[in-house]
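Per-entry structural report
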Amino acid sequence: MKHFWVFLSLATLLFANSFAQKPDKLTSAELFHEIQKLNFLGTALYVAAHPDDENTSLISYLANHDKARTVYISLTRGDGGQNLIGPELRELLGVLRTQELLAARNIDGGEQRFSRANDFGFSKHPKETFKIWDKDKVLADVVWAIRNIQPDVIINRFDHRTPGSTHGHHTASAVLSMEAYDLADNPQAYADQLNSTTTWQPKRVFYNTSWWQYGSQEAFEKVDKSNMVKLDVGTYYPELGLSNNEIAAMARSQHLCQGFGRLTDRGSDNEYIELLKGDMPKNHDVFEGINTTWSRVKGGEAVGEILYEIEENFDFQDPSKHITDLVKAYQQLQKVEDEHWKTLKSQELKNIIQAAAGLYLEASSSSASATPGSKATITIETINRTSPSVTLKEIDIVGVDAHLTPNKILEDNQRENFEISFTVPQNTSYTSPYWLNEPGTLGTYTVKDQTLIGKPETPSAFKAIFTLVIDGVEIPFEKEVVHRYSKPDKGEQYEPFAILPEVTSTIDEKVLIFANADTKEVQVKIRSGKNDVSGMVELDHPNGWTVSPSSIPFSIAQKGEEISVSFNVSPPNTESEGKIAPRIKMGNKVFDKELVEIDYDHIPKQSVLLPSEAKVVRMDIKKSGEHIAYIMGAGDMVPESLEQIGYQVHLVDPNDIQDGDLDKYDAVVVGIRAYNVIDALKFKQPVLFDYVKNGGTMIVQYNTAGRWARQFENIAPYEVTLSRDRVTDENAEVEILAPNHSLVNYPNTITKKDFDGWVQERGLYFPSEWSSEFTPVLSMKDEGESNKQGGLIVAPYGEGHYIYTGLSFFRELPVGVSGAYKLFANMLSIGKDEVKRDSNVKG
């Protein structure tokens, strides 16, 4: 098993899916598998909308059974989803999910690409999607991908013919794929791309259909499948010791932030792909009729003659016996005129030569990061662990004047270490996701460098080129400069070598709510990227707000050290909102970035530089009650938001709740999807309902329909049926159905204006049916749909009140939407007069 994981981390070679991974160390069987893939000259492109949309079974089958270069293009990075393992949301979630996709591809053998489309949240129809995405830009990106990847076949995850039947992004991905299929070979379409690529016409395009498209397995069995290719994706790979569906399950389990960890399975399992355009292949072979041999390219026969012989007579006991012939094949490959295949296969072949020779080549920085203008020291390790003659001629660090000429024979199994130091150029770009470097729109990221579009991540700042002479032939090997280190509890670790600013700043609270005119102390954290930094920090602020002092001097001695300084921020007397932003001045330089580090065991550490800022909101808000019990569900920032307006929020473990424990609280709030993820709640419903019956207020936020344990008779004390109803237009008009109800009157008067400025959506998973005890308070709808009245329903129960809401407070409160705060304060205040309840809760 350990060798399998190493094999599968071999990203498809030229376009390494993720830097800072452990070096590949292949067994003989895995090396043979790579030689088989080297001898297959065919490419498949799989198209869908989001991370975790991809069919890992099919991607693994194409990559490992057919041996094809297999690329998944996810149009978005999944920025609009949720996170079950940490606090990252929006663009930071997109960074995390990008790396989870790369981890999945490192397992199933595929490659990863993206477009500039931003996952802005759920969309009901591709028309809505295209209104928010810049359709022409995203279509251009799909055309760009086809022209560069040059796929023989395209497989769409979703059906372009059924708009409105699934997520609008899903259908949009298929629509764009079909349009790009027709445009990629047209030199008049996106002609500016042809300065750096060429036109291309795929042979076929398919739709990855399944029984769910037809409603049931029984219905699918009756479907005419004469236009479909059937593939048994449960095939077994003896050289890997695993079935294809085992690999697929492990790949899918990398989507941990979406809760996709799953068991592996084995056995025959059929996938179907329906032909949409092109000729129908025979014998259920996706690549039938397409030349996938070395004769495909001019001059390739000579290469193939050598490599097919190696594959036919591969020496599993001593792969190094093939090095001479592998080097001859490399020489022949350099004569091939087709730059596309020469580039791809040269890199694959170099990796195979390195593995067969037992060559270990590494360039590791002594530090995890450096700043422009600072000194970087790189430790070079080389070792040849087989007998064939290898000479290390020279080592270059690309982009700087750093060069060594050892011109030294690497003796069998004798490690050679070197050291290279250089000054990081002042114009070196910082290490951060390239698609976040410029402000984008709600639907599309801004990327000015055409060559970066589609790449999964920012190329590393520095690479080492090892020029080796093997059997008399010079071969360059490129390695990312990484940081290798060890931890006592985890052993050897790798992470990217990052170029970061000399100093960064952070305001931890991204939204500061001023419920009155009182001054607040705002802390600014300053972190040093190098030793001995000093300067002044100021706090930019909106007109009408005041900040004191105007500036604060600081000095930090050690790299990585963090200090805090405090400003007093005073709001105006009237409602106002804007941004405050630290500005650090050091000599003639100004630094205004925040460094966010995303660090999980299943992905490489990510350094993200964002504008350092926080939103400030002055609102006139009233509330009743003081102490709130909060039962956290799948994770949200509602507790922190409520504390901003003066509530004391107590996180409560449902396992610990006993009769009477909740009576001291003014309200109990249940976090998003709590009933989906907390089994203990099924035993605590009677306690919660008794609390309401005795005069308490219980607020339940959205749960996904039909996903809690069967033991729940109901999520509420009365009948409620949850549905998949949602209103995705955050600007959808809201009608107040119960204008006299306290929820829209006490202690804050709610008007239509309070629904301005909402983000991403109005709400999701609204109830579709409820008992007569409930009062629906609001009505809203997406364009062309019926009114949805289940977004906020309330019912008296005993002496208390039960509220269910699908409104997306978990999105609105953390970004400081005033109306959402006022409405939530009213929910917490229901049934209370203006005198706050006495409470004996201890802090």
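Moving on: empty space enclosed by the protein. Using the criterion set out here, one finds two cavities of 30 Å³ or more in the structure. When its volume is computed, the second largest cavity comes out at roughly 50 Å³. If you go around the second largest cavity, the residues you meet are R77, F114, S115, R116, Y434, W435, Y445, V447 and G454. For the lining of the second largest cavity, the residue count by class is five nonpolar, two polar and two charged.

Right, let's talk about the sheet that holds strand β24 (residues 520-528) for a bit. Two strands in a sheet stick together by hydrogen bonds in their backbones, pointing the same way (parallel) or opposite ways (antiparallel). On the basis of which strands lie adjacent, the open sheet formed by four strands has the order β22-β24-β28-β26 and antiparallel pairing. Looking at which strands have only one partner, the edges of the open sheet turn out to be β22 (503-506) and β26 (546-548). Across the sheet, the mean angle separating the axes of adjacent strands is 30° when strand polarity is ignored. Inspection of the sheet shows β24 paired to strand β28 (residues 562-570) by eight bridges, in the antiparallel sense. Looking at β28, one finds that V522 is bridged to F567.

Residues E416, F418, I420 and F422 point to one face of strand β16 (residues 416-423) and are all buried, whereas N417, E419, S421 and T423, pointing to the other face, are not buried. Across eight bridges, the pairing between strand β12 (residues 375-384) and β16 is antiparallel. Bridge pairing in β16 links T379 to E419.

This paragraph deals with the environment of S60. If you trace the backbone, S60 turns up in helix α3 (residues 56-65). The buried category is assigned to S60, whose relative accessible area is 0%. Here the alpha-carbon distance between S60 and A251, two residues 191 residues apart in the chain, equals 8.9 Å. When residues no more than four places from it in sequence are discounted, the contact partners of S60 are H65, D108, Y237, N244 and I247.

Counting across every chain of the model gives 21 aromatic pairs. Judged by centre distance (5.4 Å) and plane angle (35°), the rings of Y214 and F220 are tilted. In this structure F220 comes out as buried when scored by relative accessible area, which is 5%. With 5.9 Å between their ring centres and 10° between their planes, Y702 and Y765 make a pair best called stacked. One end of the pair, Y702, is in the loop between β37 (697-700) and β38 (720-727); the other, Y765, is in strand β40 (residues 763-770), and 63 residues separate them in sequence. The structure contains a cluster of three or more aromatic residues connected by ring pairs, namely F689, Y718, F774, Y797 and Y802. K135 extends its terminal NZ or CZ atom over the ring of F130, reaching a point 4.7 Å from the ring centre. K225 extends its terminal NZ or CZ atom over the ring of F220, reaching a point 4.4 Å from the ring centre.

Further remarks concern the environment of F206. Considering the arrangement of structural elements, one finds F206 in strand β5 (residues 204-207). Note: C-alpha distance between F206 and N156 (50 residues apart in sequence) is 6.1 Å.

With an omega of -5°, the peptide bond running from S548 to P549 counts as cis. With respect to the element layout, P549 can be found in the loop between β26 and β27 (551-556). Cis peptide bonds are those with omega within 30 degrees of zero, and the linkage from Y746 to P747 qualifies with -5°. Note on placement: P747 falls in the loop between β39 (734-736) and β40. The phi dihedral of D52 is positive, around 80°, even though this residue is not glycine. In this fold, D52 is placed in the loop between β1 (43-48) and α3. Note on D52: relative accessible area 12%, which makes it buried. Phi is positive for R90, which is not a glycine, with a value near 50°. Counting through the fold element by element, R90 comes out in helix α4 (residues 90-108). Among the residues examined, R90 registers a relative accessible area of 25% and is labelled partly exposed.

A word on the side chain of H483. As for its position among the elements, H483 is in strand β19 (residues 482-487). Residue H483 is classed as buried on the basis of its relative accessible area of 11%. A polar contact is formed between the side chain of H483 and the backbone oxygen of S365, at a distance of 3.0 Å. Setting aside residues up to four positions removed in sequence, H483 forms contacts with S364, S365, S366, S367, A368, Q493, Y494, E495 and F497.

Turning our eyes to something else, we now look at helix α9 (residues 244-252). For an α-helix the count is 3.6 residues per turn, leaving residues at separations of three or four pointing the same way. Within α9, nine of the nine residues are buried, leaving the element largely enclosed by the surrounding structure. Along α9, the residues that are buried comprise N244, N245, E246, I247, A248, A249, M250, A251 and R252.

Averaged over all residues, the pLDDT of the protein chain equals 92, while 95% of them reach at least 70. Predicted confidence is poor over residues 1-20, with pLDDT under 50, and the contacts of this stretch with residues over four places away or in other chains come to 73 contacts. With pLDDT under 50 throughout, residues 707-711 is counted as low confidence; its partners more than four residues away or in other chains account for nine contacts.

Here we come to the pattern of salt bridges. On inspection of all chains with the given rule, the structure shows 46 salt bridges. R266 serves as the salt-bridge partner of E246, at 2.8 Å between the closest nitrogen and oxygen. Of the two residues, E246 is situated in helix α9 and R266 in the loop between α9 and β9 (270-277); the sequence distance between them amounts to 20 residues. Residue E246 is classed as buried on the basis of its relative accessible area, which comes to 11%.

Reading the values: rules and limits
- Residues numbered from 1 in each chain as written.
- Predicted model: local features only at pLDDT ≥ 70, side-chain atom pairs only at ≥ 80, totals over all residues.
- Heavy atoms only, no water.
- 1 Å grid on protein atoms, 1.4 Å probe; cavity = no way out; pocket = protein on both sides within 12 Å on 5 of 7 lines; lining within 4 Å.
- Points joined across faces, edges and corners; volume = space filled by probe spheres on them.
- Nonpolar A, V, L, I, M, F, W, Y, C, P; charged D, E, K, R; others polar.
- Pairing = 2+ DSSP bridges.
- Helix = DSSP H or I, 4+ residues; strand = E, 2+ residues; numbered from the N terminus.
- Axes fitted to C-alpha atoms, helices over the stretch in contact; angles between N-to-C directions.
- Buried < 20%, exposed > 50% of the residue type's maximum accessible area, 1.4 Å probe, protein only.
- Contact = heavy atoms within 4.5 Å.
- Phe/Tyr/Trp six-rings, centres within 6.5 Å; stacked < 30°, edge-to-face > 60°.
- Lys NZ or Arg CZ within 6 Å of the ring centre and 35° of its normal.
- Polar contact = N/O pair within 3.5 Å; in protein donor to acceptor, adjacent residues only side chain to side chain.
- pLDDT = per-residue confidence, 0-100.
- Salt bridge = Lys/Arg side-chain N within 4 Å of Asp/Glu carboxyl O.

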